[in-house]
Amino acid sequence: MADLDPEEFRRLGRAVVDWVAAYRAGVGDRPVRAGVEPGWVRARLDTGLPERPQPFEVLLGELDRVVVPATTHWQSPGFFGYFPANASLHSVLGDLLSGGLGVQGMLWSTSPAATEVEQVLLDGLADALGLDPGFRFDGGGGGCIQDSASSAALVALLAALHRASGGRWRADGVDGRERVYVTAETHSSLAKAVRVAGLGDRALRVVAPSPGSQAMSADALATLLAEDVAAGLVPVLVCPTVGTTGTGAVDPVRAVALAARPHGVWVHVDAAWAGVAALCPEHRDLLDGVELVDSFCTDAHKWLLTAFDASLLWVRDARALPDALSITPEYLRDGASDSGAVVDYRDWQVPLGRRFRALKLWSVLHGHGLDGLRAHLRGHVALAAELESRIVAEPGFTLAAPRSLSLVCFRLDAGDDATRALLDRVNASGRALLTHTVVEGRYVIRVAIGAVATRREHVDSLWALLRTSEP
Ligand SMILES: *Cc1c(COP(=O)(O)O)cnc(C)c1O
């Protein structure tokens with residue numbers, strides 16, 4: 001069986017690039033949300049798989065016919081839902097290069113460049129974010145690219161279990177006394193990690209917020225830790241969030257780390273969305289106290305222009321993940337690994353195989369420069385600040401939480417039904433996509449500004465839409 005002839009690949013590759021370019025050029029004109037009913041796509045696809053090769057152009061035709069109409073356009077400038085999923089065209093090119101090389105970077109020796117490019121980028125980004133030098137490889141720590149913040153939380157928990165057990169977890173597993181500390185606003189991936197690790201939901205401790213805020217109370221944490229230790233339980237991990245998914249609230253990392261320290265609890269900072277803002281010196285305060293923690297995660301695939309998946313995870317102790325996770329069957333033995341002189345990233349993650357994800361991140365850093373990344377972030381923060389002022393000044397609108405970077409949460413004074421109806425009307429218009437959360441029992445609209453192509457005009461038309469659809 002022959003692969004595509006390289007000349008044919010060139011021809012089709014151009015057609016694919018043209019297709020993507022045309023899609024992106026027009027994405028702002030499409031309804032943001034897919035308007036199809038369940039089963040719409042399946043009803044339109046041939047259910048039999050092709051027995052014989054088909055021309056590639058037919059596949060592109062299927063994208064136009066079936067895929068695009070059934071796609072929610074995350075790259076639309078009118079996308080303000082959830083958090084952004086930036087897939088800049090620079091990162092798309094990097095992804096193509098990664099696929100073209102087609103390497104498995106599980107061990108250093110299976111592709112030294114895949115490992116070392118990643119190490120260089122993660123060290124550089126640690127500096128650019130203002131992380132403590134202890135998170136760099138030459139500082140005894142190190143960074144890696146995970147598929148998602150959810151995986152980052154899971155492996156941090158596994159390393160924490162290993163450490164809390166004095167190294168017995170690998171052989172003995174858990175004994176039911178382990179506890180993990182979060183808040184009601186912590187991302188659900190922590191609860192899932194607790195389940196996946198076999199701790200059971202009862203291992204999850206929900207720490208109360210400080211009065212009048214959504215942020216973890218370090219005092220409440222200290223009390224809970226002391227009570228649990230006195231009861232013979234084993235505190236394993238505390239997860240403060242920098243920028244919660246609901247409202248962008250920020251837990252007090254320094255105070256949390258100081259409360260956790262006497263008990264030797266692993267502190268994992270989940271800054272999946274907001275952490276990248278620390279590239280801008282004016283937002284460095286977000287990371288106050290991160291120098292005291294064990295691991296720190298932020299996603300390049302949300303607001304940092306890098307196509308999913310690229311979640312950046314740094315740990316203080318470069319041995320922590322391999323100590324917990326490394327298993328070496330004979331067929332993976334090699335001299336470079338045994339020498340201890342290299343990093344084998346398979347030991348930093350759950351799967352064995354790994355893509356050369358660093359290429360798309362490199363492509364972004366190369367193509368935009370740190371200055372370009374800062375301008376991207378600052379532009380959205382400025383637009384969010386303007387929207388916030390408009391909401392504050394608008395009769396009938398109330399800010400539901402303090403603006404967090406580029407996330408604005410508000411509700412209508414007319415009540416939950418009116419707020420929900422407003423969100424439904426905006427989404428039905430097809431010109432913008434918004435999502436919601438609940439704050440203090442009330443239905444709240446979230447406006448997460450941050451799509452690659454979002455400019456002032458798009459936020460202006462969102463505002464016009466929000467005001468004209470007010471009942
Ligand atoms: C989005 C988000 C996550 C999950 O991110 P993935 O990388 O998609 O797994 C975790 N934590 C927070 C705070 C988030 O906003």
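Residues numbered from 1 in each chain as written. Predicted model: local features only at pLDDT ≥ 70, side-chain atom pairs only at ≥ 80, totals over all residues. Heavy atoms only, no water.

*Asks:* Explain helix 9 (residues 218-230) here, please?
*Replies:* Since there are 3.6 residues in each turn of an α-helix, residues three or four apart along the chain are aligned in direction. With 13 residues, helix 9 should reach 18 Å at 1.5 Å per residue; the first-to-last C-alpha distance of 18 Å fits that figure. Every buried residue belonging to helix 9 is among Ala218, Leu221, Leu224, Leu225 and Asp228, and all of these are buried. One side of helix 9 carries all its buried residues, which in axial view fall inside an arc of 120°. Opposite the buried face of helix 9, by more than 90 degrees, sit the exposed residues Asp219 and Ala230. On its buried face, helix 9 is in contact with strand 2 (178-182), strand 3 (204-206), strand 4 (234-238) and helix 10 (253-260). Where helix 9 terminates, the next one or two residues include Gly232, which has phi positive at roughly 85°. (Helix = DSSP H or I, 4+ residues; strand = E, 2+ residues; numbered from the N terminus. Expected span 1.5 Å × (residues − 1). Buried < 20%, exposed > 50% of the residue type's maximum accessible area, 1.4 Å probe, protein only. Arc of directions from axis to C-beta. Contact = heavy atoms within 4.5 Å.)

*Asks:* What exactly am I supposed to notice about the environment of Ala448 here?
*Replies:* Looking at the secondary structure, you find Ala448 in strand 11 (residues 442-448). For the pair Ala448 and Thr435, spaced 13 residues apart in the sequence, the C-alpha separation amounts to 8.7 Å. Not counting chain neighbours up to four residues away, the residues in contact with Ala448 comprise Phe79, Phe80, Gly81, Tyr82, Phe83, Pro84, Ser406 and Leu407.

*Asks:* Sorry if this is basic, but what is going on with the site of the ligand here?
*Replies:* In the region of the ligand, 14 residues are neighbours, and Ala149, Ser150, Asp270, Asp299 and Lys302 sit closest. Take Thr245: an N or O atom from its side chain is 3.1 Å from an oxygen atom of the ligand. Notes on the ligand: free accessible area 390 Å², of which the protein chains cover 89%. Those elements that place two or more of their residues in the shell around the ligand are helix 6 (149-164) and helix 11 (300-303). A per-class count over the shell around the ligand returns three nonpolar, eight polar and three charged. (Near = heavy atom within 4 Å. Polar contact = N/O pair within 3.5 Å; in protein donor to acceptor, adjacent residues only side chain to side chain. Areas by Shrake-Rupley, 256 points an atom, 1.4 Å probe, with all protein chains shown as cover. Nonpolar A, V, L, I, M, F, W, Y, C, P; charged D, E, K, R; others polar.)

*Asks:* Mind showing me how you'd approach the domain arrangement of the protein chain here?
*Replies:* Accessible area lost during the coming together of the parts is what is often quoted as the interface size. What the domain assignment lists for the protein chain is domain 1 (6-30 + 34-71), domain 2 (103-355) and domain 3 (380-469). Once you take the C-alpha centre of each, domain 1 and domain 3 turn out to be 33 Å apart. (Domains from an automatic or database assignment.)

*Asks:* Quick question: what am I supposed to make of the pairing of strand 5 (residues 266-270) here?
*Replies:* Regular strands have side chains that alternate between both faces of the sheet. Counting buried residues in strand 5 gives five out of five residues, a clear majority hidden from the surface. Pairing analysis gives two bridges linking strand 4 to strand 5, with the strands arranged parallel. Looking at strand 5, one finds that Val238 is bridged to Val267. Alignment of strand 5 against strand 6 (residues 295-299), held across three bridges, turns out to be parallel. Considered in strand 6, the bridge of Val269 is made with Phe296. (Pairing = 2+ DSSP bridges.)

*Asks:* Looking at this model, I keep getting lost on the packing of helix 6 against helix 8 (residues 188-196). Mind explaining?
*Replies:* When two helices pack together, you describe them by how their axes are tilted relative to each other and by the distance separating the axes. Between helix 6 and helix 8, whose axes approach to 9 Å, the crossing angle comes to 45°. In terms of orientation, helix 6 lies oblique with respect to helix 8. Two packed elements cross with a definite hand, and for helix 6 against helix 8 that hand is right-handed. In this structure, helix 6 contributes Ser150, Ala153, Leu154 and Leu157 to the contact, and helix 8 contributes Ser189, Leu190, Ala193, Val194 and Val196. Residues belonging to the contact of helix 6 with helix 8 are distributed by class as follows: seven nonpolar, two polar and no charged. (Axes fitted to C-alpha atoms, helices over the stretch in contact; angles between N-to-C directions. Parallel < 35°, antiparallel > 145°, perpendicular 65-115°, else oblique. Left-handed = near helix turned anticlockwise from the far one by under 90°.)

*Asks:* It is not clear to me how the nonpolar core should be interpreted in this structure. Could you clarify?
*Replies:* Soluble globular proteins tend to bury their nonpolar side chains together. Counting residues in each nonpolar core, the largest one holds 65 residues, and the members touching the most others are Leu131, Leu221, Val290, Trp314 and Leu361. If you count residues domain by domain, this core takes at least three from each of domain 2 (103-355) and domain 3 (380-469). When near neighbours in sequence (up to four residues on either side) are disregarded, Leu361 contacts Leu121, Leu122, Leu125, Ile145, Ala300, Thr306 and Leu312. Core analysis: the next-biggest nonpolar cluster, separate from the first, contains 37 residues, Phe137, Ala159, Ala197 and Ala320 among them. (Core = buried A, V, L, I, M, F, W, Y, C linked by side-chain atoms within 4.5 Å.)

*Asks:* Sorry if this is basic, but what is going on with helix 6 here?
*Replies:* With 16 residues, helix 6 extends 22 Å from end C-alpha to end C-alpha; this agrees with the ideal 22 Å at 1.5 Å per step. Counting buried positions along helix 6 yields twelve of 16 residues, so the element is predominantly enclosed. When we look at burial in helix 6, the residues that qualify are Ala149, Ala152, Ala153, Leu154, Val155, Ala156, Leu157, Leu158, Ala159, Ala160, Leu161 and His162. After helix 6 finishes, the residue Gly166 shows a positive phi value of roughly 65°.

*Asks:* I tried to follow the pattern of salt bridges on my own but got confused; where do I start?
*Replies:* Where charged atoms from two side chains of opposite charge approach closely, those side chains can pair. Counted according to the given criterion, the structure contains 31 salt bridges. With its nearest N and O atoms 3.3 Å apart, the salt bridge here joins Arg10 to Glu7. With Arg10 and Glu7 both in helix 1 (residues 6-26) and three residues apart, this pair spans about one turn of that helix. Arg316 serves as the salt-bridge partner of Asp132, at 3.4 Å between the closest nitrogen and oxygen. Within this pair, whereas Asp132 is found in the loop between helix 5 (112-129) and strand 1 (142-146), its partner Arg316 is found in the loop between strand 7 (311-315) and helix 12 (320-325), the two being separated by 184 residues in sequence. (Salt bridge = Lys/Arg side-chain N within 4 Å of Asp/Glu carboxyl O.)

*Asks:* So what exactly am I meant to see when it comes to the layout of surface pockets here?
*Replies:* Picture a little ball the size of a water molecule; that probe, rolled over the atoms, points out where space is still empty. Roughly 620 Å³ of volume is contained in the largest pocket. Around the largest pocket sit 24 residues that line it, and Val16, Val17, Val20, Val92 and Leu96 are the ones nearest its centre. Only helix 1 and helix 4 (89-101) provide two or more residues apiece to the lining of the largest pocket. The element contributing the most residues to the lining of the largest pocket is helix 1, with ten residues. Within the lining of the largest pocket, the residues separate by chemical class into 17 nonpolar, five polar and two charged. Quantified by volume, the second largest pocket comes out at close to 410 Å³. (1 Å grid on protein atoms, 1.4 Å probe; cavity = no way out; pocket = protein on both sides within 12 Å on 5 of 7 lines; lining within 4 Å. Points joined across faces, edges and corners; volume = space filled by probe spheres on them.)

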